[in-house]
Amino acid sequence: MGNKPVAKLRSTDLEYFRQSTTFTDAEIQDWYKCFHKDCPNGSLTLDEFKKIYAQFFPAGDSSTFAEYVFRRFATNHHDKISFGDFLIALSITARGTLDEKLDWTFGLYDTDGDGFISRNEMFNIVDSIYKMVGSVMQLPEDESTPQKRTDKIFNTFDMDHDGKLSRDEFIQGAKSDPSIMNLLNIDRTPISTANPIRSSNNTLSSMTRLHT
Ligand SMILES: [Ca+2]
Ligand SMILES: [Ca+2]
């Protein structure tokens with residue numbers, strides 16, 4: 001039992017997050033409280049993260065996609081998402097410019113971090129999205145399988161036809177074709193809600209909202 005003291009950020013951390021995110025002090029404190037309510041240990045493990053995704057996508061198998069997103073979030077440690085990881089990713093994906101969002105998304109697809117998205121990397125992510133939500137999505141014929149969807153993206157994005165997407169090709173390609181933006185699950189308009197808490201139930205739903 002015992003009443004745990006309400007989690008509060010140290011002022012040095014607050015200072016850091018104020019400089020490295022788009023959030024106000026009050027928003028940072030709100031997110032901090034939320035995060036600690038959902039994650040009493042102060043961080044999220046891969047298993048916990050997968051369970052969150054499973055709650056939001058009960059009809060499909062979200063475990064593989066959840067792992068990709070987890071790796072993208074967990075930039076400071078390999079095995080857990082800290083509050084800082086969470087807040088910085090949220091700042092980019094919710095409030096960043098389109099370029100910043102696409103840059104962040106590029107990193108999700110470039111799983112080996114070599115600076116290019118290979119066909120394999122694209123296929124694996126698309127496949128994991130189809131496993132998660134494919135059964136409830138209405139897909140046009142030329143996107144009906146992960147392979148078709150991967151081919152469609154590469155046909156449009158791979159300007160120099162070298163079989164891989166550079167960061168520029170990915171960002172320019174996604175910008176030039178709104179339908180591909182939908183395909184990539186990228187929200188084109190920045191979220192302008194004054195209070196992040198009000199716009200989502202909790203920190204956990206805000207994570208899964210990023211790519212759906
Ligand atoms: Ca790569
Ligand atoms: Ca290329």
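Residues numbered from 1 in each chain as written. Chains lettered and ligands numbered in written order. Predicted model: local features only at pLDDT ≥ 70, side-chain atom pairs only at ≥ 80, totals over all residues.

Take the overall build of the chain next. Scanning the chain from terminus to terminus reveals twelve helices and four strands. Burial analysis of the chain (212 residues in total) assigns 32% to the buried set. Within the chain, counting contacts between residues at least 6 apart in sequence, those at least 24 apart form 61% of the total. (Helix = DSSP H or I, 4+ residues; strand = E, 2+ residues; numbered from the N terminus. Buried ≥ 20, exposed ≤ 12 C-beta atoms within 10 Å, placed from the backbone. Contact = placed C-beta atoms within 7 Å.)

A few words on the packing of helix α4 (residues 63–73) against helix α7 (residues 119–133). Relative to each other, α4 and α7 sit at 130 degrees, their axes nearing to 7 Å. Judged by the angle between their axes, α4 and α7 are oblique. Here α4 runs over α7; the crossing is left-handed. Where α4 approaches α7, its residues Thr 64, Phe 65 and Tyr 68 are matched on the opposing element by Ile 125, Ser 128, Ile 129, Lys 131 and Met 132. Residue composition of the contact of α4 with α7, grouped by class: five nonpolar, two polar and one charged. (Axes fitted to C-alpha atoms, helices over the stretch in contact; angles between N-to-C directions. Parallel < 35°, antiparallel > 145°, perpendicular 65-115°, else oblique. Left-handed = near helix turned anticlockwise from the far one by under 90°. Nonpolar A, V, L, I, M, F, W, Y, C, P; charged D, E, K, R; others polar.)

As a further point, take the UniProt feature "domain: EF-hand" (unreviewed entry) in the chain. Using the residue numbers shown here, the UniProt feature "domain: EF-hand" (unreviewed entry) corresponds to residues 97–132 and 145–180. The span residues 97–132 shows a helical share of 72% and a strand share of 8%, and its end C-alpha atoms are spaced 27 Å apart. Taken end to end, residues 145–180 is 69% helix and 8% strand, and its first and last C-alpha atoms sit 15 Å apart. (UniProt positions renumbered as here; feature names shortened; annotations may be inferred.)

Here Gln 147 lies in helix α8 (residues 146–157). Taking the number of C-beta atoms within 10 Å as the measure of exposure, Gln 147 has 12 and is therefore exposed. Note: C-alpha distance between Gln 147 and Asp 127 (20 residues apart in sequence) is 8.1 Å.

This part covers the nonpolar core. For soluble globular proteins, nonpolar side chains are generally found buried alongside one another. Membership of the largest hydrophobic core comes to 43 residues, with the highest contact counts inside it found for Phe 86 and Leu 87. Every element with two or more residues in this core is listed here: α2 (25–38), α3 (46–56), α4, α5 (83–95), α6 (98–109), α7, α8 and α9 (167–176). The leading source of residues in this core is α5, at seven residues. (Core = buried A, V, L, I, M, F, W, Y, C linked by C-beta atoms within 7 Å.)

Our focus in this paragraph is the packing of α7 against α8. Interhelical geometry of α7 versus α8 gives an angle of 130 degrees and a closest axis separation of 9 Å. On the basis of their axis angle, the class for α7 and α8 is oblique. Every pair of crossing elements has a handedness; the one defined by α7 and α8 is right-handed. Together, Arg 119, Met 122, Phe 123, Val 126, Asp 127 and Tyr 130 of α7 and Pro 146, Gln 147, Arg 149, Thr 150, Ile 153 and Phe 154 of α8 make up the contact between the two elements.

Mapped onto the secondary structure, Asp 30 falls in helix α2. Remark: the alpha-carbon pair of Asp 30 and Lys 8, spanning 22 residues in sequence, is separated by 9.5 Å.

Now for α4. Residues of α4 that are buried: Phe 65, Ala 66, Val 69, Phe 70, Arg 72 and Phe 73. One side of α4 carries all its buried residues, which in axial view fall inside an arc of 160 degrees. Residues of α4 that are buried in the fold lie against α3, β2 (80–82), α5, α6 and α7. (Arc of directions from axis to C-beta.)

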